[in-house]
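Given next are the chains, with one letter for each unit.
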Amino acid sequence: MSGNEPTRRHVIGAAAAVACGAALTGCAAAEQGPAVVPPGIKGKVIVKTADVPVGGGKVVSKWKIVITQPSQGVFKAFNASCPHRGCSVGRVADGVIHCPCHGSEFAADSGKCLKGPAEAPLVEYALKVDGDGIVMV
């Protein structure tokens with residue numbers, strides 16, 4: 001082997017660097033803003049504002065979405081699938097979304113992971129309040 005040919009170690013190292021770069025790019029793309037809502041619900045009222053308590057939330061199982069109201073009149077929508085193992089999140093209380101499967105917790109105002117084993121945030125969806133309904137956009 002001549003001195004200019006890459007060794008196996010160089011090839012593996014380069015492949016690992018490319019994989020890490022792709023993973024980081026994917027993470028950066030996920031943080032750019034709200035994700036596209038699941039098909040069939042765009043423009044539809046999925047819950048009434050009165051059904052979402054301040055500091056709490058409501059899981060809409062049919063669409064796998066959790067709607068929260070972290071402060072009076074401020075509503076947020078997130079994918080209800082926990083990024084750890086895909087379990088549906090459950091209870092929302094005191095500004096925290098709880099996953100009943102393994103104990104992960106997420107901030108009701110941002111979806112940020114507060115307690116593992118999950119490491120990623122919940123995916124956020126865009127919504128608007130239309131009268132007394134919450135509409136996915």
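Reading guide: rules and limits
- Residues numbered from 1 in each chain as written.
- Predicted model: local features only at pLDDT ≥ 70, side-chain atom pairs only at ≥ 80, totals over all residues.
- Heavy atoms only, no water.
- pLDDT = per-residue confidence, 0-100.
- Contact = heavy atoms within 4.5 Å.
- Pairing = 2+ DSSP bridges.
- Helix = DSSP H or I, 4+ residues; strand = E, 2+ residues; numbered from the N terminus.
- Axes fitted to C-alpha atoms, helices over the stretch in contact; angles between N-to-C directions.

Asker: Where do I start with the confidence of the model for the chain in this structure?
Answerer: Fine structural detail should not be taken from predicted coordinates in areas where pLDDT scores are low. This prediction gives the chain a mean pLDDT of 81; 75% of its residues lie at or above 70. Taken as a whole, residues 13–32 scores under 50 in pLDDT and shows zero contacts with residues more than four places along the chain or in a different chain.

Asker: How should the sheet that holds strand S1 (residues 45–48) be read in this particular structure?
Answerer: Backbone-to-backbone hydrogen bonds join strands into a sheet, with any given pair of strands oriented parallel or antiparallel. In spatial order, the strands read S1-S11-S10; together these three strands make up an open sheet with antiparallel pairing. The sheet is open, and its two edges are formed by S1 and strand S10 (127–130), each paired on a single side. Neighbour to neighbour, the strand axes of the sheet diverge by 30 degrees on average, direction disregarded. Pairing analysis gives three bridges linking S1 to strand S11 (residues 133–136), with the strands arranged antiparallel. Bridging across to S11, Val 47 finds its partner in Ile 134.

Asker: Would you mind showing me how to read the pairing of strand S2 (residues 57–60) here?
Answerer: Note on strand geometry: in a regular strand, side chains alternate between the two faces of the sheet. Sheet topology places S2 next to strand S3 (residues 65–71); four bridges connect them, and they run antiparallel. Bridging from a neighbouring strand, Gly 57 pairs with Thr 68 of S3. Linking two consecutive strands that pair antiparallel, namely S2 and S3, is a turn of four residues; a positive phi of about 55 degrees is found at Lys 64 within it.

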